[in-house]
Amino acid sequence: MSLDVGRARMAARARAYSGLTPERIAVMRSTAPEVEPSLDFVTDRFYARLAEMPDVKPLLAGRMERLRETYRAWVGSLFRTDYGTGYAEAVWRIGEVHLAAGVPIDCLTGSMAVVQEALQPVVLAGARGRPFAEAERLAALNAALGCSLIVMQGPYWAERSGSPGSEP
């Protein structure tokens, strides 16, 4: 099996498991113009929360500028991507970097809740007072982050199984 087929399969599997449908991807893309001006706010909020966590704080020391830059780019990509093979490759690399830096998998997983907390008010802003639109946006965000987390954890599981074939 070619590596490209494995990457495409992983992307499709992550979308399926997370409920990230084409309709939800369209919702994410449609909110991009509203979200992009607030990415600095989202980034500030995310890192403020992480800095409060004693286990995480040492991992941030001396690296904040670069971390903020890459985080902001990834969060922005959530609203522009098709969640296909290219996205899966990029997110897999994020997982590899976190693994290499010694970020525990539970910290990686827990931080996705912090990402969601930072993004929710921004994603909901354009749908205020329209409950169905709010629910649709939250479902899309949840699915997009779930998909991302599945792929991001891949390097952790591949290392545990010792199976290089588990890569995207």
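Position numbers for residues count from 1 along each chain, tracking the sequence in the order it is written. Owing to the predicted nature of the model, reporting of local features is limited to residues with pLDDT of at least 70; listing and counting of side-chain atom pairs is limited to 80 or more, with chain, interface and lining totals taken over all residues. Excluded from the side-chain calculation are hydrogens and water; included are all heavy atoms of the structure.

S.K.: Is there a simple way to explain the layout of surface pockets in this structure?
M.R.: Over the atoms, a rolling probe the size of a water molecule traces out where space has been left empty. Within this model, the largest pocket holds a volume of roughly 580 Å³. Along its surface, the largest pocket is lined by 24 residues, and Tyr47, Leu67, Thr70, Ile94 and His98 are the ones closest to its centre. Polar here means any residue outside two lists: the nonpolar Ala, Val, Leu, Ile, Met, Phe, Trp, Tyr, Cys and Pro, and the charged Asp, Glu, Lys and Arg; Gly therefore counts as polar. Classifying every residue of the lining of the largest pocket by side-chain character gives 18 nonpolar, three polar and three charged. Think of a 1 Å grid over the protein atoms and nothing else: a 1.4 Å probe that fits but is trapped marks a cavity, an open set flanked by protein within 12 Å on at least five of seven lines marks a pocket, and residues with an atom within 4 Å of a point count as lining. Grid points are joined across faces, edges and corners, and a volume is the space filled by probe spheres set on the points.

S.K.: How should the packing of aromatic side chains be read in this particular structure?
M.R.: A ring pair, where both rings are aromatic, is described by two values, the distance of the centres and the angle of the planes. Note on aromatic contacts: the rings of Phe and Tyr and the six-membered ring of Trp form a pair at centre separations within 6.5 Å, being stacked when their planes are under 30 degrees apart, edge-to-face when over 60 apart, and tilted otherwise. Under the counting rule described, the total for this entry stands at five aromatic pairs. With centroids separated by 5.6 Å and ring planes inclined at 75°, the aromatic side chains of Tyr47 and Tyr71 adopt a geometry described as edge-to-face. Taken together, the residues Tyr47 in helix H3 (residues 39-51) and Tyr71 in helix H5 (residues 64-77) connect sequence positions 24 residues apart. The pair Tyr47 / Tyr71 is uniform in exposure class, with both members buried. Members of the aromatic cluster, joined through ring pairs, are Phe46, Tyr47, Tyr71 and Trp74. Numbering goes from the N terminus for both helices and strands, where a helix is a DSSP run of H or I of at least four residues and a strand is a run of E of at least two. When a residue's accessible area, from a 1.4 Å probe over protein chains only, is under 20% of the maximum for its type it is buried; when over 50% it is exposed; and in between it is partly exposed.

S.K.: Hey, could you run me through the pattern of salt bridges in this one?
M.R.: Pairing is possible between side chains of opposite charge, provided their charged atoms come close. Basic side-chain nitrogens of Lys or Arg form a salt bridge, by our definition, when they fall within 4 Å of a carboxyl oxygen of Asp or Glu. Considering all chains together, one arrives at eight salt bridges under this definition. Between Arg7 and Glu89 there is a salt bridge; the shortest N-O distance is 3.1 Å. Taken together, the residues Arg7 in helix H1 (residues 3-18) and Glu89 in helix H6 (residues 85-100) connect sequence positions 82 residues apart. Two residues, Glu36 and Arg80, come together in a salt bridge whose shortest N-O distance is 3.2 Å.

Shape is all these values report; function is a separate question.
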